[in-house]
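Architecture and fold: a report
The chain contents come next:
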2 protein chains.
Amino acid sequence: MAAAPVWSVDPRTGKQREQVAVEATAQEVDAAVRDAHAAREALTDRTVRAAFLRSAADELEAARDRLVEAADAETALGPVRLTGELARTCYQLRAFAGIVEEGDFLGVVIDHPDDTATPPIPDLRRYKVPLGVVAVYSASNFPFAFSVAGGDTASALAAGCPVVVKAHPDHPALSELVAKVIRRAAARHDVPDGVLGLVHGFDAGIELIRHPLVAAAGFTGSVRGGRALFDEAAARPVPIPFHGELGSLNPVLVTEAAAAERGEAIGAGLAGSMTLGVGQFCVKPGLVLAPASAAGDALLKSLTDAVSDTGPGVLLDHRMRDNFLAGVTERAQLPDVESPVTAGAGGEHTVSAGFLTVPAERLTREGAHDLLLEECFGPVTVIARYTDEAEARAVLSRLPGNLTATVHLSSEEAAGQGRGAELVRELTPLAGRVLVNGWPTGVAVAPAQHHGGPYPATTSTSTSVGGTAIERWLRPVVYQGAPEALLPPELKDDNPLGLPRRFNGRLER
Amino acid sequence: MAAAPVWSVDPRTGKQREQVAVEATAQEVDAAVRDAHAAREALTDRTVRAAFLRSAADELEAARDRLVEAADAETALGPVRLTGELARTCYQLRAFAGIVEEGDFLGVVIDHPDDTATPPIPDLRRYKVPLGVVAVYSASNFPFAFSVAGGDTASALAAGCPVVVKAHPDHPALSELVAKVIRRAAARHDVPDGVLGLVHGFDAGIELIRHPLVAAAGFTGSVRGGRALFDEAAARPVPIPFHGELGSLNPVLVTEAAAAERGEAIGAGLAGSMTLGVGQFCVKPGLVLAPASAAGDALLKSLTDAVSDTGPGVLLDHRMRDNFLAGVTERAQLPDVESPVTAGAGGEHTVSAGFLTVPAERLTREGAHDLLLEECFGPVTVIARYTDEAEARAVLSRLPGNLTATVHLSSEEAAGQGRGAELVRELTPLAGRVLVNGWPTGVAVAPAQHHGGPYPATTSTSTSVGGTAIERWLRPVVYQGAPEALLPPELKDDNPLGLPRRFNGRLER
């Protein structure tokens, strides 16, 4: 049987551009994983890891024009956005280099013997070691930042784990290019090519998650695909951690006072956030609770104007376009749902943005309208008009887990008067990131960032963005009674590497 | 249909002592979980949590005599061991009170806005919040330390999570007693009874893991039972973290030089460790790689003497006794396996300790002897005699994950001469705790402790003992752009609670 070809496709025309590769066979997946496994020793030295990550950023920047062009040809995301995304990807690689050097992620804890404890404490020295080969399933919508050289890969390499990436079929040519660039950076530090494997094909993705030498996985994508892989990871003879980011509705609550104070601005801001990147962000606001009042009407008027002014856009692929059109149509046909601006087919290959409205009351109990509580990928959002706050809260209480939850408050509420603090507290169980008077699109790379949330937002309690993303690829090990001469330098009393640690109970920084 | 009775059984006679309860129905499990869920607000205040944990320790100590008597009647573990285990349990509760007060577990990270970052960083403030109701499946072999008031419960309460415990059928009466004591402690701080639910019955355990309001689970027990519950947790519509400690062989490698230097002492130490608590520890050394040399013979001679001198003991229940006897018989019948001291039935209700030997070569490839690489709960161990170190390493490379791995080195090797450091490094992938010149039984409660390891030792990368056990029951949340007035005190700039944190990238302690 001939190997299945992997084509690069132009989403602006739906036409095949070139054959990039063939889908990986089980044997090829096995070879990639074994090569990665063999490369892990080369990542033992943290100095090498940090230097490799910085070189990766340098090499990506050096290849910027070619990479942005390749990415645009396969994703239609446009050079401005893609240049920014590449810059973010490089920033992220360098941020992880800094994290590797600081070493706080090692979680060093040293306890000297203590005979007064119950039971007595022997000499114990703990730190974290890399899990092993990490499988990374890259995303359609972030060809740089959540793909071959994205956050999962950067954090795994930072942790000392080699990576095998399952390329997303929406940008196979770019994936090959980026992998080559990263391997060039690896070679500069004598790290073997195998440190970054790349495979194409749906079946290859299944083989990968089942491979005995794969120790953990990161995923960004749909609920359906992510859950299938999560189930595979859990069903293995030796289950492995599966850190998947699956789907999110990203609810927004606009208080009556906020709508009264700046309804127009909120409507315009919402239009910008929900249409950004043609609505293809996992943090797109997909459900907005707005008051059924004159102030709410003003918000909708502004939203209508701004969305109407938004030009058509190209989605990442034609399957996505079909799903978007079908999803919008199905939602629009529900009773009491209106379409002030109809989202739909723009031209033959484009879509136009729109939004739906529904009385919030329709969402307070199980029924056909529950479809509105499911993510619809693309430039559309649902405005649920509430008559009082209890109704809005009843809707919020029915939501599945989210990456983000947002509240728009008036100046007085934001200053602590009224129910501002209470609303922030009430949104907290819903999401991993809670925003006040902002929009969830745009996920900063920062130490405090948390990009994750209750299922199905993520399949674990971890984050895929920010400094703590490295924690996903490590496991602790403690040495008991090991003489100083046998200890790794990270665990020696005199702390030759200057690591932050907990020493005999006390935090040292 | 009448509810199934739950009996307290005396393992010394196999006779029923009293009917303690009835197995919980689905409705009763639901009620326990809902009561626990309702109690979570009472745990919001960290001051209350710390005080509650200390009161729990105080109340357990006040009830010590009655508790130890009740535990001994159902487990036959003896008052000395049980008094020690209760002391350890109280120590652990107080240690978590200290951890709650210190607040480092909250993982506070604060980033002020930074427009120079790519993309720009808004105001971000992250900390960890409790997951919700935790299901705890208690262990047979630690009626205090890994049961109703054990490490899972203590760490969950410390995290702010109410608990519903599935009682172990080996000590239902004690479980009821301990639950009452903990609830008395809760009442002293106006924490409702529901904060600690207790249910009996196998089916109740399944209902519990499936309950939509259960947010995470802790388990200590067998591979079979633990895997079944892990699978249930993963198959839920909303999967939840399952932190299970399932099984471990706890390999020990004795170098030729160590055997030559102190073979007799090692043999005696091994006898003590493998027969401690009638071999009913999850960290019992179950496979010992000893040299097939004169020095190894001396080790075995000493082991033979010490094990022969060990009196018979009562196992926790009769099913365990049956499994032990069958397991020993099946192993002893394998080709080339010898029984220098035959483990087996002592009296009608007791068992006697013993050990088996096998040429290590038999374990270097797949075959019938793989049974020897499976845990056999009770006072028996397997000594694999190796002819050279390569053979010993070939056996080690075939082992599943372990809680512990131990190496016995000579003084010179321990001082850094020869292959000491290399062996420690080679054992690290095998286990969560690596010991040098010690025995794995005895798991200290300490900040650095890690009681976990690659599957099947544990189903996650977490620990069930030590300060970091609290991390299992938390998830991060980040607030973006929230005005100071709306922030919880943990995240305010001026740090009114004096928490350790990362502030604008810098670690503050």
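Within every chain, residues take consecutive numbers counted from 1 along the sequence as written. Whichever chain is written first becomes A and whichever ligand is written first becomes 1, with later ones labelled in order. Whole-chain, interface and lining totals are the exception, using all residues; otherwise, since this is a predicted model, local features are given only for residues with pLDDT of at least 70 and side-chain atom pairs are given and counted only at 80 or more. For side-chain calculations, the full set of non-hydrogen atoms in the structure is used, while hydrogens and water are omitted.

1. Describing the overall build of chain A
Counting secondary structure elements, chain A contains 14 helices and 22 strands. Every radius of gyration here is taken over C-alpha atoms, with the globule rule written as 2.2 Å times N^0.38, N being the number of residues. For chain A, the C-alpha radius of gyration of 24 Å lies close to 23 Å, the compact-globule estimate for 509 residues. With a 1.4 Å probe rolled over the protein chains alone, any residue whose accessible area is under 20% of its type maximum counts as buried; one over 50% counts as exposed, and the rest are partly exposed. Counting only residues that meet the buried cut, chain A has 62% of its 509 residues in that class. Residue contacts follow a heavy-atom distance rule, with two residues in contact if any of their heavy atoms lie within 4.5 Å. Relative to all contacts within chain A whose residues are 6 or more apart in sequence, the contacts with residues 24 or more apart total 76%. For chain A, the exposed area adds up to about 17,900 Å²; of that, 53% sits on carbon and sulfur atoms. What counts as a helix is a DSSP run of H or I of at least four residues, what counts as a strand is a run of E of at least two, and both are numbered from the N terminus. Only the protein chains shown count as covering a residue, and every accessible area follows the Shrake-Rupley method with a 1.4 Å probe.

2. A closer look at the domain arrangement of chain A
All names here are of chain A. Taken domain by domain, chain A consists of domain 1 (24-102 + 130-246 + 461-473) and domain 2 (251-436). Residue ranges labeled as domains rest on an automatic or database domain assignment. For domain 1 and domain 2, the distance between their C-alpha centroids amounts to 32 Å. With eleven residues of domain 1 in contact, the opposing surface of domain 2 contributes eleven residues. The term buried area refers to how much accessible surface (probe radius 1.4 Å) is lost by two components on association, counted for both of them together. Interface area for domain 1 against domain 2, summed over the two sides, is near 850 Å², with a carbon-plus-sulfur share of 58%. Three residues stand out in domain 1 for area buried against domain 2, namely N141, D170 and E245, and they jointly supply 44% of the buried area on that side. The working definition used for a salt bridge is a side-chain nitrogen of Lys or Arg within 4 Å of a carboxyl oxygen of Asp or Glu. Here domain 1 is connected to domain 2 by zero salt bridges. Each polar contact in these results corresponds to two N or O atoms within 3.5 Å; when the atoms are within protein, one needs to be able to donate a hydrogen and the other to accept it, and residues that are neighboring in sequence are counted only if both atoms are side-chain atoms. Seen at the junction of domain 1 and domain 2, the total is one residue pair in polar contact (both at pLDDT 80 or more). Under the convention adopted here, Pro, Cys and the residues Ala, Val, Leu, Ile, Met, Phe, Trp and Tyr are nonpolar, Asp, Glu, Lys and Arg are charged, and Gly plus all remaining residues are polar. Here the side of domain 1 that touches domain 2 is composed, by residue class, of four nonpolar, three polar and four charged.

3. Points about the UniProt feature "domain: Aldehyde dehydrogenase" (unreviewed entry) in chain A
UniProt positions are given in the numbering used here, feature names are shortened, and annotations may be inferred rather than shown by experiment. According to UniProt, the feature "domain: Aldehyde dehydrogenase" (unreviewed entry) maps to residues 8-446 of chain A in the numbering used here. Between the end C-alpha atoms of residues 8-446 of chain A the distance is 33 Å, and the span holds 42% helix and 21% strand.

4. With respect to the sheet that holds strand β13 (residues 338-341) of chain B
With mixed pairing, twelve strands are arranged side by side in an open sheet as β22(A)-β21(A)-β3(A)-β4(A)-β20(A)-β19(B)-β18(B)-β10(B)-β11(B)-β17(B)-β16(B)-β13(B). Each end of this open sheet is capped by a strand with a single partner; those strands are β22 (506-508) of chain A together with β13 of chain B. Direction aside, the axes of adjacent strands within the sheet are offset by 25° on average. Strands qualify as paired when DSSP identifies two bridges or more between them. In the sheet, strand β4 (residues 124-130) of chain A pairs with strand β20 (residues 474-480) of chain A via seven bridges, with the strands oriented antiparallel. Under this scheme, a helix contributes an axis fitted over its contacting stretch, all axes are lines through C-alpha atoms, and angles between N-to-C directions fall in the 0 to 180 degree range.

5. Some words on the relation of the copies chain A and chain B
Once chain A is rotated about the relating axis by 180° and shifted along it by 0.0 Å, it coincides with chain B to within an RMSD of 0.0 Å. What the rotation and shift describe, once combined, is the action of a two-fold rotation axis. Same-surface contact between copies: 100% of interface residues of chain A are shared with the interface of chain B. C-alpha atoms of residues with pLDDT of at least 70 in both copies form the basis for the least-squares superposition of the copies.

6. What to know about the pairing of strand β1 (residues 5-10) of chain B
Residue and element names in this part refer to chain B. Alternating residues of β1 divide into V6, S8 and D10, all buried, and P5, W7 and V9, none buried. With six bridges joining them, β1 and strand β2 (residues 15-22) adopt antiparallel strand pairing. Among the inter-strand pairings, P5 is bridged to a residue of β2, identified as V22.

7. Things to note about the environment of W439 of chain A
Its place among the elements puts W439 of chain A in the loop between β19 (431-436) and β20. By relative accessible area, which is 19% here, W439 of chain A ends up buried. Each C-alpha atom of the pair W439 of chain A and T404 of chain A lies 9.4 Å from the other, and the pair is 35 residues apart in sequence. Setting aside residues no more than four positions away along its own chain, W439 of chain A makes contact with V252, I266, G269, L270, S273, P285 and H408 of chain A together with Q480 of chain B.

8. Things to note about the interface of chain A and chain B
Counting from both sides, the interface comprises 78 residues of chain A and, opposite them, 78 residues of chain B. In this assembly, chain A packs against chain B so that about 5,800 Å² is buried in total across both faces, 61% of it on carbon and sulfur atoms. Contact with chain B buries area across many residues of chain A, yet Q480, L486 and R509 of chain A alone supply 12% of it, more than any other trio. Across the pair E102 of chain B and R502 of chain A runs a salt bridge whose closest N-O atoms are separated by 2.9 Å. With seven residues, the single largest contributor to the side of chain A that touches chain B is β20 of chain A. Tallied by class, residues from the side of chain A that touches chain B come to 49 nonpolar, 13 polar and 16 charged. Where β19 of chain A meets strand β20 (residues 474-480) of chain B, three bridges bridge the pair, whose relative direction is parallel. Counterpart to L435 of chain A in the pairing with β20 of chain B is Q480 of chain B.

9. Observations concerning the packing of aromatic side chains
Residues and elements named next belong to chain A. Centres within 6.5 Å make a pair out of two Phe, Tyr or Trp rings, where for Trp the six-membered ring is used; the pair is then stacked when the planes are under 30 degrees apart, edge-to-face when over 60, and tilted otherwise. Evaluated as defined, the whole model comprises twelve aromatic pairs over all chains. On the basis of an interplanar angle of 55° and a centroid distance of 6.3 Å, the ring pair of Y127 and Y479 is categorised as tilted. With Y127 in strand β4 and Y479 in strand β20, this residue pair connects regions lying 352 residues apart in the sequence. The same class applies to Y127 and to Y479, which are both buried. Measuring from ring centre to ring centre gives 6.3 Å for F230 and F242, while their planes differ by 75°; the resulting arrangement is edge-to-face. With F230 in helix α8 (residues 223-235) and F242 in strand β9 (residues 242-245), this residue pair connects regions lying twelve residues apart in the sequence.

10. Observations concerning unusual backbone geometry
A cis amide bond links Y455 of chain A with the next residue in sequence, P456 of chain A, at an omega value of 5°. Residue placement: P456 of chain A occurs in the loop between β19 and β20. One non-glycine residue, N437 of chain B, lies in the positive phi region at around 55°. Along the chain, N437 of chain B turns up in the loop between β19 (431-436) and β20. The exposure class of N437 of chain B is partly exposed, given its relative accessible area of 33%.

11. Let's talk about the side chain of S155 of chain B
Residues and elements named next belong to chain B. Position of S155 among the secondary structure elements: in helix α5 (residues 151-159). Residue classification places S155 among the buried residues on the basis of a relative accessible area of 0%. Here the side chain of S155 touches G151 through a polar contact of 2.7 Å, landing on its backbone oxygen. Separated by 3.1 Å, the side chain of S155 and the backbone oxygen of D152 make a polar contact.

12. A short note on the side chain of D10 of chain A
Relative to the helices and strands, D10 of chain A is located in strand β1 (residues 5-10). Not counting the four nearest positions on each side in its chain, D10 of chain A is found in contact with K15, R17 and A73 of chain A.

13. Some words on the pattern of salt bridges
Residues and elements named next belong to chain B. In this structure the tally under the stated criterion is 58 salt bridges over all chains. Notably, a salt bridge pairs R362 with D336, separated by 2.9 Å at the nearest N-O pair. With a gap of 26 residues between them, R362 in the loop between β16 (354-359) and β17 (380-386) and D336 in the loop between α11 (318-332) and β13 connect regions that are remote in the sequence. Residue R398 is joined to D370 by a salt bridge in which the shortest nitrogen-to-oxygen separation is 3.0 Å.

14. Some details on the sheet that holds strand β22 (residues 506-508) of chain B
Strand order in the open sheet formed by twelve strands is β13(A)-β16(A)-β17(A)-β11(A)-β10(A)-β18(A)-β19(A)-β20(B)-β4(B)-β3(B)-β21(B)-β22(B), with mixed pairing between adjacent strands. The open sheet has two edge strands with one neighbour each: β13 (338-341) of chain A together with β22 of chain B. On average, adjacent strands in this sheet sit at an angle of 25° to one another, irrespective of strand direction.

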